[in-house]
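Understanding the architecture of this molecule
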4 protein chains.
Amino acid sequence: MNESQEKESLRLKLRHIIFGTSSPAGVLFDQFLIIAILASVVAVMLDSVQSIHDAHGEWLYILEWGLTVLFTFEYVIRLWASDRPSRYAGSFFGIVDLLSVLPTYLSLILPGANYLLTIRILRVLRIFRVMKLLSFMSEANFLAKALLRARRKVAVFLFTVIVVMISFGSIMYVIEGPASGFTSIPRSIYWAIVTVTTVGYGDITPQTTLGQAIASLAMITGYAIIAVPTGIVTAEITSAMSRDRYARECTNCHLHEHEVDALHCKRCGEKLPDEEADT
Amino acid sequence: MNESQEKESLRLKLRHIIFGTSSPAGVLFDQFLIIAILASVVAVMLDSVQSIHDAHGEWLYILEWGLTVLFTFEYVIRLWASDRPSRYAGSFFGIVDLLSVLPTYLSLILPGANYLLTIRILRVLRIFRVMKLLSFMSEANFLAKALLRARRKVAVFLFTVIVVMISFGSIMYVIEGPASGFTSIPRSIYWAIVTVTTVGYGDITPQTTLGQAIASLAMITGYAIIAVPTGIVTAEITSAMSRDRYARECTNCHLHEHEVDALHCKRCGEKLPDEEADT
Amino acid sequence: MNESQEKESLRLKLRHIIFGTSSPAGVLFDQFLIIAILASVVAVMLDSVQSIHDAHGEWLYILEWGLTVLFTFEYVIRLWASDRPSRYAGSFFGIVDLLSVLPTYLSLILPGANYLLTIRILRVLRIFRVMKLLSFMSEANFLAKALLRARRKVAVFLFTVIVVMISFGSIMYVIEGPASGFTSIPRSIYWAIVTVTTVGYGDITPQTTLGQAIASLAMITGYAIIAVPTGIVTAEITSAMSRDRYARECTNCHLHEHEVDALHCKRCGEKLPDEEADT
Amino acid sequence: MNESQEKESLRLKLRHIIFGTSSPAGVLFDQFLIIAILASVVAVMLDSVQSIHDAHGEWLYILEWGLTVLFTFEYVIRLWASDRPSRYAGSFFGIVDLLSVLPTYLSLILPGANYLLTIRILRVLRIFRVMKLLSFMSEANFLAKALLRARRKVAVFLFTVIVVMISFGSIMYVIEGPASGFTSIPRSIYWAIVTVTTVGYGDITPQTTLGQAIASLAMITGYAIIAVPTGIVTAEITSAMSRDRYARECTNCHLHEHEVDALHCKRCGEKLPDEEADT
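My aim in this report is to walk through the structure given alongside it, one point at a time. (Residues numbered from 1 in each chain as written. Chains lettered and ligands numbered in written order. Predicted model: local features only at pLDDT ≥ 70, side-chain atom pairs only at ≥ 80, totals over all residues. Heavy atoms only, no water.)

In total, this model carries 9 cavities of 30 Å³ or more according to the counting rule given. Size it by volume and the largest cavity reaches roughly 300 Å³. Ile226(A), Ile226(B), Thr198(C), Ile226(C) and Ile226(D) are the residues nearest the centre of the largest cavity, which is lined by 24 residues in total. Those elements giving two or more residues to the lining of the largest cavity turn out to be helix 9 (209-225) of chain A, helix 9 (209-225) of chain B, helix 9 (209-225) of chain C together with helix 9 (209-225) of chain D. Taken together, the residues of the lining of the largest cavity break down into 8 nonpolar, 16 polar and no charged. (1 Å grid on protein atoms, 1.4 Å probe; cavity = no way out; pocket = protein on both sides within 12 Å on 5 of 7 lines; lining within 4 Å. Points joined across faces, edges and corners; volume = space filled by probe spheres on them. Helix = DSSP H or I, 4+ residues; strand = E, 2+ residues; numbered from the N terminus. Nonpolar A, V, L, I, M, F, W, Y, C, P; charged D, E, K, R; others polar.)

Between its first and last C-alpha, helix 7 (residues 137-176) of chain B extends only 50 Å over 40 residues, short of the 58 Å set by a 1.5 Å rise per residue. Of all the bends in helix 7 of chain B, the greatest measures close to 55° and is centred on Arg151(B). (Expected span 1.5 Å × (residues − 1). Bend = angle between axes of the 7 residues up to and from the residue.)

Counted by the stated rule, this structure contains 38 salt bridges over all chains. The partner of Glu139(B) in a salt bridge is Arg152(A), and the shortest N-O contact between them spans 3.6 Å. With Glu139(B) in helix 7 and Arg152(A) in helix 7 (residues 137-176), the pair connects residues from two separate chains. Residue Glu139(B) is classed as buried on the basis of its relative accessible area of 15%. Shared partners join several salt bridges into a network, and the residues in it are Arg149(A), Arg152(A), Lys153(A), Glu236(A) and Glu139(B). (Salt bridge = Lys/Arg side-chain N within 4 Å of Asp/Glu carboxyl O. Buried < 20%, exposed > 50% of the residue type's maximum accessible area, 1.4 Å probe, protein only.)

Moving on, we come to the nonpolar core. Membership of the largest hydrophobic core comes to 235 residues, with the highest contact counts inside it found for Ile237(A), Ile237(B), Ile237(C) and Ile237(D). Apart from residues lying up to four places away in sequence, Ile237(C) is in contact with Val228(B), Gly231(B), Ile232(B), Ala235(B), Phe142(C), Leu143(C) and Ala146(C). (Core = buried A, V, L, I, M, F, W, Y, C linked by side-chain atoms within 4.5 Å. Contact = heavy atoms within 4.5 Å.)

The next thing to look at is the packing of helix 9 of chain B against helix 8 (residues 185-196) of chain C. Two elements in contact, helix 9 of chain B and helix 8 of chain C, have axes separated by 9 Å at closest approach and are oriented at 25°. Viewed along their axes, helix 9 of chain B and helix 8 of chain C adopt a mutual orientation that is roughly parallel. For helix 9 of chain B against helix 8 of chain C, the interelement crossing comes out left-handed. Here Gln212(B), Ser216(B), Met219(B), Ile220(B) and Tyr223(B) of helix 9 of chain B lie close against helix 8 of chain C, whose contacting residues are Arg187(C), Tyr190(C), Ile193(C), Val194(C) and Val196(C). Here the contact of helix 9 of chain B with helix 8 of chain C is composed, by residue class, of 7 nonpolar, 2 polar and 1 charged. (Axes fitted to C-alpha atoms, helices over the stretch in contact; angles between N-to-C directions. Parallel < 35°, antiparallel > 145°, perpendicular 65-115°, else oblique. Left-handed = near helix turned anticlockwise from the far one by under 90°.)

Of note in the backbone geometry, Thr198(A) takes a positive phi value of approximately 60° without being a glycine. Mapped onto the elements of the fold, Thr198(A) is located in the loop between helix 8 (185-196) and helix 9.

Position of Ile225(B) among the secondary structure elements: in helix 9. Relative accessible area serves as the criterion here: at 23%, Ile225(B) is assigned to the partly exposed category. Considering only alpha carbons, one finds Ile225(B) and Thr198(B), 27 residues apart in sequence, at a separation of 11 Å. Ignoring anything within four residues of it in the chain, the contact list for Ile225(B) reads Tyr223(A), Phe157(B) and Val161(B).

Using a probe with the size of a water molecule, rolled over the atoms, empty space left in the structure can be pinpointed. Each pocket or cavity is described by its volume, and for the second largest pocket that value is around 1,300 Å³. Around the second largest pocket, the lining comprises 49 residues; the ones closest to its centre are Ile185(C), Pro186(C), Val44(D), Met45(D) and Ser48(D). Counting only elements with at least two residues in the lining of the second largest pocket, the list comes to helix 9 of chain B, helix 7 (137-176) and helix 8 of chain C together with helix 2 (24-47), helix 3 (50-81) and helix 5 (92-109) of chain D. Grouping the amino acids of the lining of the second largest pocket by side-chain chemistry returns 30 nonpolar, 15 polar and 4 charged.

Spelled out as structure tokens, the structure:
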């Protein structure tokens, strides 16, 4: 076995460990990575607290550099072990992996850019890889598919809600005016969003009687129309769940809608065909 | 071809471009219009911000007049090209189109009426025409139909909620009194609406122990009864979706709306055609 | 026809007008009553606003007495025309009718009891009678039945939520203490209710880091568990709607689940029995 | 009958009264216990209110010790009467029972630990035993099962929501900075949780235009995605309810869970018995 073959064999082994989840080494690698990511995210959070930064800033700085070197090493290995490096680099996780290490290096060149370091918190997105490990993937896919099917209806709803918010904001700008904090239309629309979504900070509130009446209308609107997206998503999830359950056809009487654990047709007693693999 | 015929032909061509969406010219016209509307809405918003008005007011004024002339021209063309001008003028979009241009002209005659100009923001409603273009219409119709069927149940719910709000408001007016900001029954009802819809500005809050107990009751009520409109709308959407799914037609009596496992027409007993492939 | 018979005939006629809705006189009577009730409720509301009370208090006082005499007259007529006066007097609407007029008379005897007059706003409950007129009754009954079936599950949910709120409130009392406004356990529980129901006044907010972490947990809990009552009520409404739709049985093949407009069995083509009257 | 037998017989009788609900003595015991628990919880709450503590602290102290002795006695009896004492002591209610009495004794040894006494409020958890009495158990089990089935989907949702909150918090920390109260990333994440769950205290609010735009996005996100857990839970409850409804048993293979229109067992093909009357 020459050097090139050895290298290829190592690459395949690494690919198996890094991208796979079936081998014990792959699981161990993933678990170690999760701990490193969580440690790094907590370190970024704590470092942003002034008192902790003053007291333990040095240790956090060392930890940060240690983890950055580790993640850089991981990124390079991933690039090298990947079947198609350019595809990995351009993928969602490839970009997140790069953004996880880049800010730390840039902070050396651009010393003033403290806020740049906050981008590192995006490392938390890497945790999504853990789902692969915990086999939550099928549930996530199920939800993603249901939401995908609902997307056009939800888009119509959101579009309508945004127009409603713009209308309420503009009306309140005219009624309340700058005295109550409705200093401009964009700010009034911000108030309308705060109100219709039922968040209700209370930083801007109507002061006139007419303004409070219109605001009441906005609140009741927001309170009632939340039913619409909920209804859409619920209907899609219900339908997706029943589709999962009833997807075979009887070869004798052509009845659909057999439950997933049925062996015989519930109408004619004919044996049902074997379940097909879920796509 | 005489002048009158030429004019008629031009009218038909314009009608096709303005009201239709199938021809490339119609699509281009719609896209141009959407950009003009968005530009105009953003201009109205920005002009309401004092600092932007002071710095760029002149440019916004020129843009505003340019767009107003454009929209006026469009309105006149629509009137002229329309099959029945009076019907267009009286329709929802006809009125919105008129309200989009009128305030700018009126601001010349009534110089003090600055707030009048805010009506122009209603131009945003014209965006709804874009739905026609993006073929979101069928989804919008689907939702509109489901909500229409739910309207009587939702009305009963809203009526009950409003009575609950009036009752809570009146009780709190008696318990808390003017000292806590519950200065009148209408204002107390405003508080009840803010609370039951779970908006919770915090501009008026109960101060006494009994008041806080009643407020807690109001909050839990509001938190729990949101389930009712959600349930109504979800049931209607679910039922509408399953009706859509089971849409075969009887070859004998042409009835639609057979369930997926029906073999015979539920009205005349005729055997139904085999199910078509799901698209 | 003697005097007693005449009286009896008048009583029957009045009963028909007051309690019925089918005759034109009955509809007219109901419509007149609705206007009177709304006028009276609005008068009570406006009278509670200090500035309006000062400016138009006299007129409102006269209107109030006029309407009180009218409602008293109506109450006496109802008592007299009723089949069983004692049952009417003890019924929900009988008590509301009495509470609608009593405070005005009591305010003559107990001059200081201003707040007593607020009870008159309960007149708004009399509006529920209008539902009889607008034939919203069947929708209201439908919803009431569905909610009645859901009541045990919702009770279990509310019980759990209240225990959760008490637990969060007690924990926060220990963590935050009087300095942040958590001065006692009842007040901390009030905060927990404000938070878990997502109302969020902001009159009491956690100041310590640990307190904000626990509060975050309370918010996410409240945000997520709203799904439970919504799910319960939705399932009941969906099931009630489909029960309404599929309630007959084929006499030939005993299939249930025919839609309400089906004439023939969807499986075997047998004619379905006539629909039974809805109970 | 010797002493040992007498003791054994007493133990069995006590076990029947304490752990059972069928005998009149058992019901009476449970009812008495509920009153004692409620009295004790209310006493802990009232004692935390400074003014009540000052005025009636002595009486509450006596009541507290009386109830603590009672609960201690109950705990010892439960331990003694239990079939397997160690299992009871280690069970959820066993630990709650111990935590209900321990703090009072500890407050004698550790006089400063006032807050320790707040743990006693966990006595409220003992109320859950009342459900056994009120036969709410089946409803609670039903809901617990449905939520258990939904747990993986809800976990995926909560995980996604938390990542969204961390992202929004970090972005706002960069945009708004300490001037608006976004002093650190953990505090900004606290703000994001307050906003996305639509609680909206208003203790930290965005001040810059860009910050308000991002906050608006966070609000609309939070407002719309509440549809997801609601949809999941609703679908599970709906499916659980319909499973409950269609519960016939095959006479051949004893399979439950046939749908209402099934004629043959879906597992073995045996003809199913006629549907029983709906109870």
